[in-house]
Amino acid sequence: MKIFTSIAQWQSFRKAIQAGPLGFVPTMGALHPGHLSLVKASLEQNALTIVSIFINPKQFDEKGDFKAYPADFTQDLEQLENAGVDAVFMPEAAQIYADGYRFKVIESDFSQRLCGAHRPGHFDGVLTVVMRLLNLVRPDNAYFGEKDYQQLQLIRDMAAAFFMPVKIVACATVREADGLAMSSRNQYLDAGRRAQAASLYAALKRSRTASEARKILTGKGFDVDYVEDISGRRLAAARLGNTRLIDNVEI
Ligand code: AMP
């Protein structure tokens, strides 16, 4: 498995790739089986699979959240090597944002709702980094999880709006045995909150309406940011203490 930390080295490797298709899985590391399901889909559907690990500072709306974000690159690389990934791209923020973040991708409608309404600038950061990474990697197929459903929709729409030559592939949410969607942030939960956290998925699935789900969650001790039904899905974000959890289900 090749590891690239410099953009120049990555680009010369990229230039030499002839056999396709090329699959790409962008991540922020702290890899878990949810990430690995994207990697597996890419390995099955492509001749080469590239994974990026980049904790994107621009998508964190709270400084403390960025500083505390879990990072264990040794364990990440071991998992990717075992999975059979061809190359890992781990660029430095100074290289990715050499322009000082003067240039951004801004979506002015859907990105302002749901998570965007509670996390100012979050989706500008997400779309900008995904655009930059896709331009650097130039994959045929790029893999994103349905767990971050609003993000997935926005990335799909961006790729279409800018005629980007990439297929955006959606992968189903991978869950713990009790239904909790796997997330790097789950490790912040202590045992009591971890047990409570499973109610998020249960409430979304079992309730008949979004407002019923909100009531259930509030009753279970969640601080609810939103529960909304949008084109056949029920999406929610809710906090347990300082940990913000998101999830969505088909309705
Ligand atoms: P992150 O490292 O959190 O930025 O996630 C990288 C990619 O993995 C994103 O496309 C996420 O939607 C996806 N992902 C994260 N958790 C899960 C999960 N539990 N199931 C499926 N995909 C996931």
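The rules we used
Residues numbered from 1 in each chain as written. Predicted model: local features only at pLDDT ≥ 70, side-chain atom pairs only at ≥ 80, totals over all residues. Heavy atoms only, no water. pLDDT = per-residue confidence, 0-100. Helix = DSSP H or I, 4+ residues; strand = E, 2+ residues; numbered from the N terminus. Near = heavy atom within 4 Å. Polar contact = N/O pair within 3.5 Å; in protein donor to acceptor, adjacent residues only side chain to side chain. Areas by Shrake-Rupley, 256 points an atom, 1.4 Å probe, with all protein chains shown as cover. Buried < 20%, exposed > 50% of the residue type's maximum accessible area, 1.4 Å probe, protein only. Arc of directions from axis to C-beta. Contact = heavy atoms within 4.5 Å.

For the rest of this paragraph, the subject is the confidence of the model for the protein chain. Residues of the protein chain with pLDDT of at least 70 account for 100%, and the chain-wide mean is 97. Per-element averaging of pLDDT across the protein chain places helix α3 (residues 63-68) at the bottom with 91 and strand β5 (residues 141-145) at the top with 99.

A word on the site of the ligand. Of all residues adjacent to the ligand, which total 17 residues, the nearest are Met28, His35, Asp148, Val174 and Met182. With respect to the ligand, the side chain of histidine 35 contributes an N or O atom lying 2.9 Å from an oxygen atom. The side chain of aspartate 148 places a nitrogen or oxygen atom 2.6 Å from an oxygen atom of the ligand. Protein contact buries 92% of the 490 Å² of open area that the ligand shows by itself. Elements with a contribution of two residues or more to the shell around the ligand: β2 (22-27), α2 (33-45) and β5. With three residues, the single largest contributor to the shell around the ligand is α2.

Looking now at helix α10 (residues 210-219). Of all the positions in α10, only Ala210, Ala213 and Leu217 are classed as buried. Down the axis of α10, the buried set is contained in an arc of 60 degrees. They therefore lie on one face. In this structure, α10 carries Lys215 and Gly219 as exposed residues pointing more than 90 degrees from its buried face. Its buried side turned inward, α10 meets α9 (191-206), β7 (223-230) and β8 (233-240). Two residues or fewer after α10 comes glycine 221, characterised by a positive phi angle close to 95 degrees.

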